[in-house]
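Fold and geometry: a report
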Amino acid sequence: METTNRLGLVMASYRGGKSTLCAGCGHNAISERVIEACFEMGIDATHVIKLSGIGCSSKSPAYFLSGSHGFNSVHGRMPSVATGALLANHRLQAIGISGDGDTGAIGIGQFVHLMRRNLPMIYIVEDNGCYGLTKGQFSPTADLGSTLKSGVVNDLAPIDLCAMAIELGASFVARSFSGDKRQLLQLLKAGLAHRGTVLIDVFSPCVTFNDHRGSTRSYEYVRDHEEPLHELNFVPFFEDITVEQEPGAVREVDLHDGSKVFLKSVAADYDPTDKLAAMRLLTDTARRGEYPTGLLYVEPDKVDFCTQLNLVDEPLATLPLERVRPPKSALDEIMESLR
Amino acid sequence: MDNGAAARDQPPSEPSASPVVNEFTIQIATVNGSGSQTANLVLLRSIFQMGVPVSGKNMFPSNIAGLPTWYTIRASARGYISRKKEIDILVAMDPETAREDVLTLPPGALVIYDEPLRLSELRSDVTFVPVPFDRLVAPVCPEARLRRLVRNLIYDGILARLLDIDMGEMETALVRQLGRKAKATELNLAALKVGWEFAGQGLPPQRAFRVERMDRTADMMLVEGNAAAAMGALMAGCTVLAWYPITPSSSLCETLIRYLRKYRRAPDGACTFAAVQAEDEIAALGMVLGAAWAGARAMTATSGPGISLMSEFVGLGYYAEIPAVIVDVQRVGPSTGLPTRTAQGDILSTALLSHGDTKHPLLLPGSVGECYSMTMDAFDLAERLQTPVFVMMDLDLGMNTWMSDPFPYPETPIDRGKVLDEARLRQLGAGWGRYADVEGDGIAYRTIPADGLPPTFTRGSGHNARGQYSERADDYAENVDRLARKFDGARHFMPAPDVDVRPGATIGIVAYGTSHFPVCESRDQLREEYGVETSYLRLKAFPFHDALTAFVDAHDHVYVVDQNRDAQMAALMRLDLPGDRVAKLRSIRHYSGLPIDARSITDALLRREGQGPLAEPDGPASAPSARREQ
């Protein structure tokens with residue numbers, strides 16, 4: 001008998017359309033993890049909205065959660081569309097998919113302000129260091145010295161989207177690798193349990209244009225340079241599981257909905273609630289050419305944008321007329337002040 | 001009674017002539033940041049309180065302090081509230097412009113000026129009243145740093161005495177203007193009285209202009225178009241406002257936020273609205289589209305530069321069919337242009353905004369009352385048409401103070417258009433698709449997230465009637481043809497134009513927005529001074545109503561009044577009018593940054609018709625102010 005989740009649904013009900021991306025594209029693996037995470041968390045797909053900008057990455061919302069509304073918007077502008085949608089209905093679970101060009105170049109302005117607002121959503125950057133859909137030009141996250149297939153060398157230092165997100169106010173910032181199934185799944189589930197901006201920068205190699213020797217986003221290169229910070233164990237609020245803990249070696253992070261993340265450090269102890277430590281880590285590892293992955297920074301109690309706006313509990317979108325049109329006395333009062 | 005004509009034909013330069021009552025224009029020339037706005041509004045309001053039709057226009061620089069500003073108040077017993085070029089009474093406070101301002105006055109004008117400016121040598125055909133503002137203000141305002149602000153009330157007091165404005169009304173207006181600021185009220189009241197007393201001691205009585213009580217403003221209010229539009233949005237049940245500050249639309253959003261905070265809270269203080277100051281206009285419209293897609297009534301307000309930035313998202317809204325209300329308070333372009341001056345310069349670009357084949361409904365409010373009603377209606381139209389709808393205001397309408405009858409409370413429920421529900425889905429069955437034209441009007445049924453109905457995937461890329469990605473030629477053509485059908489159908493439920501066809505008139509005038517008031521006045525001028533009868537059609541929306549076609553058919557010449565260089569509305573009419581009607585269209589254009597005035601319309605029309613003062617197209621009436629008229 002097929003496994004069902006707490007809603008009684010099978011994994012297949014979280015699938016989407018058939019991917020039209022290249023075979024072996026890292027983005028397809030990420031879509032798979034989103035499907036698994038939503039299934040395992042028992043997410044109600046009808047209350048999920050999937051949003052994206054433009055690019056290969058931004059096609060992927062069509063490939064998961066066919067039971068959810070999707071919005072493939074314009075290049076670099078997914079953040080504002082997501083912001084509006086969540087203002088209209090702050091009960092929705094928003095999953096945004098963007099790319100490194102969509103976010104780091106044309107959309108950097110909106111990215112910055114979404115992070116700053118701590119909008120409650122999951123924002124996945126499918127980061128392959130290049131523009132796939134226009135045949136492989138460098139993107140702003142391409143590493144200094146990495147090469148295009150044609151041999152052209154990138155002579156600008158990359159934008160570190162995670163460092164930016166932490167600096168700007170995102171309350172859950174992680175980096176992962178599309179090839180690291182387990183870690184990415186744990187991060188996505190933890191992200192679904194968090195209330196606030198969840199930024200996951202996922203290195204997701206482009207098999208067609210950026211998987212060659214000289215690329216620093218090839219499967220081989222990322223696998224060789226990925227340095228997981230910790231072993232991540234996510235325990236959702238609805239599961240009563242005790243995790244064996246060696247005192248001192250495992251950190252526990254309590255998330256908004258009662259779920260927990262247990263982090264067992266791989267090398268040096270790493271505290272993901274320490275903002276300065278996170279920035280230092282990213283600076284140091286960048287200098288060494290390493291890709292630390294895992295939960296870089298988390299601030300579980302930070303107030304999200306919709307809470308800050310003090311919205312009524314019900315979605316604004318469906319408030320009845322009598323709650324959104326003030327009475328005649330209000331109009332009269334305003335007009336009296338103008339007489 | 002025709003005071004207007006009397007004022008024009010017989011300039012009241014002779015002291016013995018009977019005074020012109022309630023038919024004159026006062027201009028106050030100051031530097032911006034000098035605090036004159038209080039005094040100007042008190043003057044405006046006190047005339048209004050005396051029942052005299054009045055309008056105020058602020059011509060201000062894009063600057064915070066130190067540059068020339070003119071505030072013009074027109075009182076008109078006949079109810080003319082558009083700008084009049086000729087200034088009858090000048091209050092000259094700005095050393096930089098005073099001399100030029102005096103030289104451009106018509107003979108017989110009255111000049112109140114700051115004594116050190118020594119203007120009285122400039123002309124002998126106007127009446128000068130030198131006023132030692134600094135000396136007068138010192139005793140009533142011990143704090144030297146406040147004198148610059150307080151001294152403005154002195155000219156109000158002087159004008160009250162010279163023009164017979166009731167001091168009680170002045171005081172009422174001042175108290176109203178300053179509200180609870182007790183100290184400011186006290187100081188300004190004292191300055192007002194000083195002016196009043198000064199004008200009563202030894203000044204030669206001024207008999208040219210007078211204010212007399214009327215009953216033409218009972219029950220009316222004074223309101224700016226931006227506030228009116230904000231009231232419309234409030235009453236429309238707008239739930240999401242996303243905006244980016246820009247002159248001249250900022251005050252619309254700020255006023256709306258004030259209203260929302262006051263009138264749209266649950267008992268526990270939680271908000272039934274979200275107002276977000278976005279990072280730019282692109283994001284502002286992105287938020288509006290995201291919110292509307294998720295089911296909210298959402299709007300933004302901006303001006304030309306913001307419209308340019310929104311172009312990309314407007315195309316998405318059009319093609320993906322998402323409602324949005326966008327108020328464009330137009331200012332002078334191109335580029336940064338004249339940010340604090342008025343124009344109707346975005347008509348053509350907005351009607352066709354964004355790449356590809358796009359067309360957008362425009363609403364064209366011609367009064368503050370219509371800023372209110374059309375902003376409210378825009379929400380219904382946007383949802384009914386599932387597309388961005390633009391409310392095309394301008395700076396003159398948005399930021400200036402206008403008289404208005406009270407706005408009616410909306411008696412009808414809001415119209416959310418074709419939103420799918422379970423019953424309708426059952427009826428439609430397999431026929432439903434997000435972009436399927438099941439009723440033949442080009443408008444499909446939409447769903448919104450979390451409504452429990454079939455989800456849709458919205459995209460700006462090619463799609464078929466089911467909302468699926470498609471690059472097929474037939475899907476593309478069918479879709480954009482349906483969009484054209486939808487747009488064409490909109491002309492039947494956009495507001496119909498106001499039409500006034502006069503028997504025997506061979507000349508028609510078409511105007512929109514703030515050109516309405518000067519057109520009305522111009523038609524009176526044409527009839528009374530030249531015996532030329534005209535018909536008039538005031539556009540209220542694009543796409544155009546069939547009545548426009550009939551109107552063009554019914555007249556030999558149709559003059560289209562545009563406040564832009566390129567005759568943009570005329571161009572849009574050329575695109576939209578069926579058949580070979582364009583040969584009848586003639587254009588009257590005005591583009592100085594100042595609101596259009598009646599005399600300019602009259603002169604331009606007569607010139608084209610080969611009548612009137614043709615020999616001197618820049619005759620004495622308009623020449624003096626050519627500096628600011630172009």
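Residues numbered from 1 in each chain as written. Chains lettered and ligands numbered in written order. Predicted model: local features only at pLDDT ≥ 70, side-chain atom pairs only at ≥ 80, totals over all residues. Heavy atoms only, no water.

Within chain B one finds 22 helices and 24 strands. Judged by the C-alpha coordinates and their principal axes, chain B covers about 90 × 65 × 40 Å. Within chain B, the proportion of its 630 residues that are buried is 62%. Sequence separation of at least 24 residues holds for 75% of the intrachain contacts in chain B that already meet a minimum separation of 6. When the accessible surface of chain B is summed, it comes to about 23,000 Å², and 51% of that surface belongs to carbon and sulfur atoms. Across chain B, the mean location of the 65 positive side-chain charges is 3 Å away from that of the 78 negative side-chain charges. (Helix = DSSP H or I, 4+ residues; strand = E, 2+ residues; numbered from the N terminus. Buried < 20%, exposed > 50% of the residue type's maximum accessible area, 1.4 Å probe, protein only. Contact = heavy atoms within 4.5 Å. Areas by Shrake-Rupley, 256 points an atom, 1.4 Å probe, with all protein chains shown as cover. Lys, Arg positive; Asp, Glu negative; His and termini not counted. Charge placed at Lys NZ, Arg CZ, Asp CG, Glu CD.)

This paragraph deals with the pairing of strand β17 (residues 401-404) of chain B. All names here are of chain B. The alternating pattern of β17 places Thr401 and Met403 on one face and Trp402 and Ser404 on the opposite face, and all of these are buried. Bridge count between strand β9 (residues 221-224) and β17: four bridges; the pairing is antiparallel. Bridge pairing in β17 links Leu222 to Met403. (Pairing = 2+ DSSP bridges.)

Next up on the list: the pairing of strand β3 (residues 93-99) of chain A. Residue and element names in this part refer to chain A. Of all seven residues in β3, seven are buried, a share of seventy percent or more. Judged from the five bridges that link them, β3 and strand β4 (residues 121-127) form a sheet pairing that is parallel. The residue of β4 that forms the bridge with Ile97 is Ile124.

This paragraph deals with the domain arrangement of chain B. All names here are of chain B. As far as domains go, chain B holds domain 1 (3-218), domain 2 (223-404), domain 3 (422-490) and domain 4 (498-629). The C-alpha-based centres of domain 2 and domain 4 are spaced at 28 Å. Every contact between the two is made by 27 residues of domain 2 and, on the other side, 25 residues of domain 4. Between domain 2 and domain 4, the buried area comes to about 1,900 Å², and carbon and sulfur atoms account for 62% of it. Area buried by domain 2 at its contact with domain 4 is led by Gln344, Leu348 and Leu364, which between them contribute 32% of it. Run the count over domain 2 and domain 4 and you get two salt bridges. (Domains from an automatic or database assignment. Buried area = accessible area lost by both parts, 1.4 Å probe. Salt bridge = Lys/Arg side-chain N within 4 Å of Asp/Glu carboxyl O.)

Residue and element names in this part refer to chain B. Taken in spatial order, the five strands of this open sheet run β19-β21-β20-β23-β24, and their pairing is mixed. One side of each edge strand has no neighbouring strand; the edge strands of this open sheet are β19 (498-500) and β24 (585-589). Direction aside, the axes of adjacent strands within the sheet are offset by 20 degrees on average. In the sheet, β19 pairs with strand β21 (residues 534-539) via three bridges, with the strands oriented antiparallel. Its bridge partner being in β21, Asp500 is matched across the sheet by Tyr536. Here helix α19 (residues 546-553) sits on the sheet in contact with β19, β20 (507-512), β21, β23 (557-562) and β24, set at roughly 160 degrees to β21. Packing against the sheet, helix α20 (residues 568-576) makes contact with β20, β21, β23 and β24, and its axis sits at approximately 130 degrees to β23. (Axes fitted to C-alpha atoms, helices over the stretch in contact; angles between N-to-C directions.)

Here we come to the sheet that holds β4 of chain A. One open sheet accounts for nine strands, arranged β9(A)-β13(A)-β7(A)-β8(A)-β4(A)-β3(A)-β1(A)-β2(A)-β18(B); its pairing is mixed. At either margin of the open sheet sits one strand with a lone partner, and together these are β9 (226-228) of chain A together with β18 (457-459) of chain B. Taking the axes of each pair of neighbouring strands and ignoring which way they run, one obtains an average angle of 20 degrees across the sheet. When β4 of chain A meets strand β8 (residues 197-203) of chain A, the two strands line up parallel, connected through seven bridges. Bridging from a neighbouring strand, Ile124 of chain A pairs with Ile200 of chain A of β8 of chain A. Packed on one face of the sheet, helix α7 (residues 181-193) of chain A meets β3, β4, β7 (172-177), β8, β9 and β13 (291-298) of chain A and runs near 160 degrees to β7 of chain A.

Now for the interface of chain A and chain B. By a frequent convention, interface size equals the accessible area lost on bringing the separate parts together. Opposite the 55 residues of chain A that make contact, chain B presents 70 residues. Summing the contributions of chain A and of chain B, the shared interface buries around 4,900 Å²; its carbon and sulfur component is 66%. The largest share of the area that chain A buries against chain B comes from His69, Arg325 and Arg339 of chain A, three residues that together contribute 15% of it. For the pair chain A and chain B, the number of links is three salt bridges. A salt bridge links Glu279 of chain B to Arg117 of chain A; the nearest nitrogen and oxygen atoms lie 2.8 Å apart. Our count for the contact surface shared by chain A and chain B stands at 25 residue pairs in polar contact (both at pLDDT 80 or more). Listing elements by their share of the side of chain A that touches chain B, those giving two or more residues are β1 (48-52), β2 (69-72), α3 (78-88), α5 (108-117), α11 (321-324) and α12 (328-336) of chain A. Here the residues of the side of chain A that touches chain B sort into 27 nonpolar, 19 polar and nine charged. Where β2 of chain A meets β18 of chain B, three bridges bridge the pair, whose relative direction is parallel. (Polar contact = N/O pair within 3.5 Å; in protein donor to acceptor, adjacent residues only side chain to side chain. Nonpolar A, V, L, I, M, F, W, Y, C, P; charged D, E, K, R; others polar.)

Attention shifts here to helix α9 (residues 225-235) of chain B. Residues and elements named next belong to chain B. Burial within α9 is extensive, with 11 of its 11 residues counted as buried. Turning to α9, its buried residues number three or more, namely Gly225, Asn226, Ala227, Ala228, Ala229, Ala230, Met231, Gly232, Ala233, Leu234 and Met235. Directly after α9, the chain includes Gly237, whose backbone phi takes a positive value near 80 degrees.

What follows deals with the pattern of salt bridges. Residues and elements named next belong to chain B. With the rule as written, the count across this model stands at 64 salt bridges over all chains. In this structure, Asp125 engages Arg123 in a salt bridge whose closest nitrogen and oxygen atoms are separated by 2.8 Å. Look at Asp125 and you get partly exposed, because its relative accessible area is 34%. The class for Arg123 is buried, based on a relative accessible area of 14%.

All names here are of chain A. In contact at an axis separation of 9 Å, helix α1 (residues 26-41) and α7 are set at 50 degrees when each is read in the N-to-C sense. As the angle between them shows, α1 and α7 are arranged oblique. Handedness of the α1/α7 crossing: right-handed. Facing Ile30, Arg33, Val34, Glu36, Ala37, Cys38, Glu40 and Met41 of α1, the residues of α7 in contact are Lys181, Leu184, Leu185, Leu188, Lys189, Leu192 and Ala193. Its residues assigned to classes, the contact of α1 with α7 shows 10 nonpolar, no polar and five charged. (Parallel < 35°, antiparallel > 145°, perpendicular 65-115°, else oblique. Left-handed = near helix turned anticlockwise from the far one by under 90°.)

To continue, consider the side chain of Gln344 of chain B. Mapped onto the elements, Gln344 of chain B comes out in the loop between β14 (338-342) and α13 (347-351). Other than its neighbours up to four places away in sequence, Gln344 of chain B contacts Gln330, Asp394, Tyr512, Gly513, Thr514, Ser515, Val561, Asp562, Gln563, Asn564 and Gln568 of chain B.

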